[in-house]
Amino acid sequence: AEHLPLTPEALKVSVNSAQQCLHLQWTVHNLPYNQEFKMIFQIQISRTETSNVIWMGNYSTTMKRNETVHWSWESELPLECAAHFVRIRSVVDDARFPEWNFWSSWSSWQEVNVQDSTGQDTLFVFPKDKLVEEGSNITICYISGNIQNDISCYLEGEQIHGEQLDPHVSTFKLENVPFIRKGGTNIYCEEKQRKAISNGTVLFVSKVLEEPKDFSCETRDFKTLICTWDPGANTALDWSKQPSQSYTLFESYSGKKKHCEEKNRCNWQITQDSQEIYNFTLITENYLRKRSVNLLFNLTHRVHPMSPFSVQFENISATSAVMTWKVHSLGDYFTLLCQVELHGEGKMIQHNVSVKANGKYLLNELEPNTEYVAQVHCADDNHFWKWSEWSGRDFTTPEAAPS
Amino acid sequence: SMAAMGSCPGDFHVLLGQLQKQAHAMQDPSSLLDPYMRIQGLDFPQLREHCTERPGAFPSEGALRGLGRRGFLRTLDATLGLVLRRLAAVQQQLPEAGRLGRPPAARPRAQDLEMLKMARLNILGLRNNIFCMSRLLGSSWDVAEPTQAAPGTSPPPTPDPGAFQRKLEGCRFLRGYHRVLSSAGQVFGEWGKSPS
């Protein structure tokens, strides 16, 4: 069969220095019309010179004639540190066309040169102000241009030793970089003879974004849900490199979403038509990572009543008293379990009372002429979740009447 | 323009004594430069050596001495205005949200950030006394901030030198600031010897 020249053409290479990425796009002109072909593209990437191939890999895709294919490659070395060269070839990997199952010739090399520092009397250090996550492996380089002096580089005051990539470029591999400070980790190079700091860079190492812990929601009034969580480390960095992580609440049944202003709590409005079951996802995000936790619960099982109020004592006699208190209404069908604690004579006695509206309890078998403290807190009687805060007061029983 | 914030002592020697004390305290690098270097991670021998005043950034002691009293006060006030703006820029790069929901950031950093805030208050206090002294000397001025570019003309944008160079530049700036305060202290000291 006739050998079709399926060499990839119109290869364009663009650079994203910050992400240390090469973006490639190309096409294949000579594919027959109106048909999709399964293709494998083999990509070679060289560094410093074409003969020094540092990466080769295959990319499979289906395409039509003149369709543009896109592909990206991330370099471990900052792209400013060396010239890179890219070429591609293709093969039709389609059972329908076994006769075309042979490699095309290579495209011509495409050169990518981000930083032309030849002939410059300045030392450059790359990457410049890179944001990375704690624990990453990073490669740094300096380009010395015309500078002939002996150059030493330091990371936080400690000398670091690199490898010569070419007469003007040295690279340094930093493994498992730690978080040191919000202001970043300083890496700088010194010209020994002149004892002058030629240049440097800052590696902004972010703490790893943690999954929120102890994510919990409750209501105190059936009007608002209060969600709280432990955010863990704040991943904000100085120099506007990364703000504090953001927190967003998403409820799947209602489809509603809310950005939380605070970093460890968020209020969610309960509307009249709200459902009883809530399925929350708490999403936290910074520039480097996104995490989420889920929480599925029944609203009526998460009632944390507000503390009782207006605690009063009536009919106080030498040996008894009637304790009354008010509660914030939670609806007609809602029963509160209230716990009364009586402290006096070095003892504490506890009583439980079920309460629908306001509470009332007879304290008897008291001692005359004695000071007591009585307090009450309440919880949901049907589905216990949390006790309210205590409310209470002291009272003193009168002398017993002379018998 | 310059405005008094606090009250003004009416006595020349009392006011001069305060100015001398303030200048003496503020020329000490531990009050601003050292905490700045710690926050920025520049607290290493090579970098300390490199953190030198940039020639021409601030008036020399001789230049200050040659200005005469009113000119000296005006220049010192303008210099302090410059430093306040630089401090504001540094502060903006330090998001201190503390440890979310937990105690504020690690102790050393919190202390250093506090010192940066104190330095700003000290500068405001010194500017206030400078204003009082200028009034005592009977001069009234509308201080033109020295680096205020003429309205409508903004300096051509220079490529971002990168955080490391900007850290070093901040360091050299503050080195100069402390030196100017030391020089000002010397000049105020000489005032004490000759009343007019």
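Above this text you will find the structure in question.
Below or above, wherever it landed, is the structure these notes cover. (Residues numbered from 1 in each chain as written. Chains lettered and ligands numbered in written order. Predicted model: local features only at pLDDT ≥ 70, side-chain atom pairs only at ≥ 80, totals over all residues. Heavy atoms only, no water.)

Before going further, it helps to examine the pattern of salt bridges. Applying the stated rule across the entire model yields 17 salt bridges over all chains. A salt bridge links Glu218(A) to Lys386(A); the nearest nitrogen and oxygen atoms lie 2.7 Å apart. Residue Glu218(A) is located in strand 17 (residues 213-219), and its partner Lys386(A) is located in the loop between strand 29 (371-380) and strand 30 (391-396); the two are separated by 168 residues in the primary sequence. Across the pair Arg220(A) and Glu389(A) runs a salt bridge whose closest N-O atoms are separated by 2.8 Å. One end of the pair, Arg220(A), is in the loop between strand 17 and strand 18 (224-230); the other, Glu389(A), is in the loop between strand 29 and strand 30, and 169 residues separate them in sequence. A relative accessible area of 18% places Arg220(A) in the buried class. Linked through salt bridges whose partners overlap, the residues forming this network are Asp34(B), Asp43(B) and Arg48(B). (Salt bridge = Lys/Arg side-chain N within 4 Å of Asp/Glu carboxyl O. Helix = DSSP H or I, 4+ residues; strand = E, 2+ residues; numbered from the N terminus. Buried < 20%, exposed > 50% of the residue type's maximum accessible area, 1.4 Å probe, protein only.)

So, about the environment of Leu123(A). All names here are of chain A. Structurally, the position occupied by Leu-123 is in the loop between strand 7 (110-112) and strand 8 (124-126). Residue Leu-123 is classed as buried on the basis of its relative accessible area, which comes to 1%. Residues Leu-123 and Glu-190, spaced 67 residues apart in sequence, show a C-alpha to C-alpha distance of 9.6 Å. Contacts of Leu-123, omitting those with residues within four sequence positions, involve Tyr-142, Ile-143, Ser-144, Ile-147, Ile-151, Cys-189, Ser-198 and Asn-199. (Contact = heavy atoms within 4.5 Å.)

Next up on the list: the state of the cysteines. All names here are of chain A. Evaluated as defined, the whole model comprises seven disulfides over all chains. Two residues share a disulfide in this structure: Cys-260 and Cys-266, whose sulfurs sit 2.2 Å from each other. Between Cys-260 and Cys-266 the sulfur-sulfur dihedral comes to about -95°; the bridge is accordingly left-handed. In this structure, Cys-260 and Cys-266 share a single accessibility class: buried. Shown here is the disulfide that connects Cys-338 with Cys-378, its sulfur atoms set 2.2 Å apart. Taking the sign of the S-S torsion, about 105° here, the bridge from Cys-338 to Cys-378 comes out right-handed. With Cys-338 in strand 26 (residues 336-344) and Cys-378 in strand 29, this pair connects stretches of sequence that are 40 residues apart. Each member of the pair, Cys-338 together with Cys-378, is buried. In chain B, the cysteines engaged in disulfides, taken in order along the sequence, are linked 1-3, 2-4. Not part of a disulfide, Cys-21 finds its nearest cysteine sulfur in Cys-81, a span of 15 Å. (Disulfide = S-S within 2.5 Å.)

Residues and elements named next belong to chain A. Considering the arrangement of structural elements, one finds Lys-207 in the loop between strand 16 (196-206) and strand 17. In this structure Lys-207 comes out as partly exposed when scored by relative accessible area, which is 22%. Taking the C-alpha atoms as reference points, Lys-207 and Gly-135, separated by 72 residues in sequence, lie 8.8 Å from one another.

This part is about the interface of chain A and chain B. If you look at the interface, chain A gives 37 residues, while chain B gives 30 residues. Between chain A and chain B, roughly 2,500 Å² of surface is buried when both sides are summed, and carbon and sulfur atoms account for 54% of that area. Looking at the side of chain A facing chain B, the largest losses of area belong to Ile197(A), Asp238(A) and Trp239(A), adding up to 27% of the total buried there. Linking chain A to chain B there are one salt bridge. A salt bridge links Asp238(A) to Arg109(B), with the nearest nitrogen and oxygen atoms 2.9 Å apart. Summed over the shared surface of chain A and chain B, the number is ten residue pairs in polar contact (both at pLDDT 80 or more). (Buried area = accessible area lost by both parts, 1.4 Å probe. Polar contact = N/O pair within 3.5 Å; in protein donor to acceptor, adjacent residues only side chain to side chain.)

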